[in-house]
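# Analysis of the macromolecular model
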Amino acid sequence: MPVWSSSVTRGDDGVLAVGGMDVRTLAAEHGTPLYVVDEADFRVRAAAFRDHFTAAFGRHRAKVDVFYAGKAFLASQVAGWMREEDLCLDVASRGELEIALRGGMPPERIGLHGNNKAEDELRRALSVGVGRIIVDSFTEIEVLDALAREMGVTAPVLVRVTTGVHAGGHEYIATSHEDQKFGLSLASGAAYDAMLACHDAVGLNLLGIHTHIGSQILSIDAFRESADRMLRLRAAFMADTGAALPEVDLGGGYAIAYTEDAEALEPSVAAYEIADAVASVMDPIGGEWPRFSIEPGRAIAGPAGLTVYTVGVTKDVKLDEGGSRQYVAVDGGMSDNPRTIMYGAEYHAEVASRVSDAPLTLSRVVGKHCESGDIIVRDVQLPEDTRRGDLLAVAATGAYGRSMASTYNAALRPAVVAVRDGASKVLVRRDTLEDLLSWDVAGD
Ligand SMILES: Cc1ncc(COP(=O)(O)O)c(C=O)c1O
């Protein structure tokens, strides 16, 4: 699988360019580390979800909304791109909601998530009129109902269902098994009871049900199984209560290729298989199809992004099992990409600012933080002559990089720039030392 975004090329001089911009120019203009987003690629990926799911479900005369999961990476300009591409937007905090609104995303196209939403998040969502609040607990149902009644509005809600389908690349990103914090269990009856509670609550309008089974999912069977369980739950509830339940959200989690030998779950395949799976449940049940929605995050933002670092130090280490490993230390690390240390994520990297004729050697790209686990790319082949001053590009870092970045070791979080047609624009500016010192409260 190609790991770079579609506009990545190597010019005649061998230098990597993205969106028509040479990485050396990007580094000179914006500094490193630098997150680079290929705007056209990002939009094309969003449009691919929209178009394939619309076509696949359209064959069954059903409608689908695509909610871009902003937790993958959100900036107000990105919210604007999603608005222009006719997508909706998932947010999971007050901050994400404010960025989405600043980007001009219409509130009715925003969904608010969270397993422990604060009252101010719920109030703000109700006052701006977000299209849906995905309720995650009985406590939230009570709190939201009370707030909505106090504010004289009706809250549109979906109940987050834990279907028991376990899927995803890592325990911490699989979200629909029983023993974890999200959602209401299908198996125990909690989901059904929560739906009843919403149905009966004067301040709530139960639109339907939601599930998200995990992330980095390659198996279409997992999506099939969860759709099956969701639709049976919906049918049972409708038969018992006469409720309409016009919406079903099947969540995100579509896998992307982080390395050259990895696979991705393409929307051009997933859309038709999921629509057919839905049809195989809906057709025997009969009745009107709900309006579906999906929530891809990583599959839109991930491959559209890359990170550019400057190499500082290299060293060779003899391995006990024989051979050696080249350590390549760059000017960022776990503060701008915590996924390797958190999930054992794998990445692909290349020297981007020149071509080298030197032989490739087993290498590890590490950061500058005070942890030996501060690894960005565990195993990658890099030229033996990789050296100080080289620019190194790491592919597919567009999702859960900047959005999970920290200031560990008082690091300054890198800027995010969008590139397109030979020009760049800043989406999120780099932290400055002044920012850092302004967060610190000096003593007397
Ligand atoms: C509720 C929900 N929807 C969608 C997503 C997006 O997942 P992904 O980026 O893997 O598509 C997440 C990720 O955590 C999520 O929690």
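Analysis parameters
Residues numbered from 1 in each chain as written. Predicted model: local features only at pLDDT ≥ 70, side-chain atom pairs only at ≥ 80, totals over all residues. Heavy atoms only, no water. Helix = DSSP H or I, 4+ residues; strand = E, 2+ residues; numbered from the N terminus. Rg over C-alpha atoms; globule rule 2.2 N^0.38 Å. Buried < 20%, exposed > 50% of the residue type's maximum accessible area, 1.4 Å probe, protein only. Contact = heavy atoms within 4.5 Å. Areas by Shrake-Rupley, 256 points an atom, 1.4 Å probe, with all protein chains shown as cover. Domains from an automatic or database assignment. Buried area = accessible area lost by both parts, 1.4 Å probe. Salt bridge = Lys/Arg side-chain N within 4 Å of Asp/Glu carboxyl O. Nonpolar A, V, L, I, M, F, W, Y, C, P; charged D, E, K, R; others polar. Near = heavy atom within 4 Å. Polar contact = N/O pair within 3.5 Å; in protein donor to acceptor, adjacent residues only side chain to side chain.

### Thoughts on the overall build of the chain
- Helix and strand counts for the chain come out as twelve helices and 21 strands.
- Against the 2.2 N^0.38 benchmark of 22 Å for 444 residues, the chain shows a C-alpha radius of gyration of 23 Å, consistent with a compact globule.
- Along the three orthogonal principal directions, the C-alpha set of the chain runs to about 70 × 60 × 45 Å.
- Taking all 444 residues of the chain together, the buried fraction comes to 55%.
- Put simply, 70% of the contacts in the chain that link residues at least 6 apart link residues at least 24 apart.
- Carbon and sulfur atoms make up 49% of the accessible area of the chain, which amounts to about 18200 Å² in all.

### Re the domain arrangement of the chain
- Considered domain by domain, the chain is made up of domain 1 (9-31 + 304-439) and domain 2 (39-301).
- Taken over C-alpha atoms, the centre of domain 1 sits 33 Å from the centre of domain 2.
- Tallying the contact residues gives 23 residues for domain 1 and 24 residues for domain 2.
- For the pairing of domain 1 and domain 2, the buried interface totals around 2000 Å² over both sides, and the portion due to carbon and sulfur atoms is 58%.
- For the pair domain 1 and domain 2, the number of links is two salt bridges.
- For R420, the salt bridge identified is with E39, shortest N-O distance 3.2 Å.
- Elements represented by at least two residues in the side of domain 1 that touches domain 2 include exactly α11 (339-343), β20 (415-420) and β21 (423-428).
- Taken together, the residues that form the side of domain 1 that touches domain 2 break down as 13 nonpolar, four polar and six charged.

### Details of the pattern of salt bridges
- For the structure shown, the criterion picks out 35 salt bridges.
- Here D65 ties to R291 by a salt bridge, and the two come within 2.7 Å at their closest N and O atoms. Highlighted residues: D65 in strand β5 (residues 64-69) and R291 in strand β13 (residues 291-294), separated in sequence by 226 residues.
- Overall, D65 belongs to the buried group, its relative accessible area being 19%.
- The exposure class assigned to R291 is partly exposed, which follows from its relative accessible area of 36%.
- R364 serves as the salt-bridge partner of D379, at 3.8 Å between the closest nitrogen and oxygen. Residue D379 is found in strand β18 (residues 375-383), and its partner R364 is found in strand β17 (residues 360-366); the two are separated by 15 residues along the sequence.
- On the basis of relative accessibility, which here comes to 44%, the residue D379 falls in the partly exposed class.
- Through salt bridges that share partners, E39, R43, R50, D51, R83, E84, E85, R420, D421 and K425 make up one connected network.

### Concerning the site of the ligand
- Of all residues adjacent to the ligand, which total 15 residues, the nearest are S215, G253, E295, R298 and Y400.
- Within the side chain of K71, an N or O atom sits 3.3 Å from an oxygen atom of the ligand.
- Contact distances for the ligand include 2.5 Å between an oxygen atom and a side-chain N or O atom of S215.
- Computed on the free molecule, the ligand has an accessible area of 390 Å², of which 92% lies beneath the protein chains in the complex.
- Class assignment for the residues of the shell around the ligand results in three nonpolar, seven polar and five charged.

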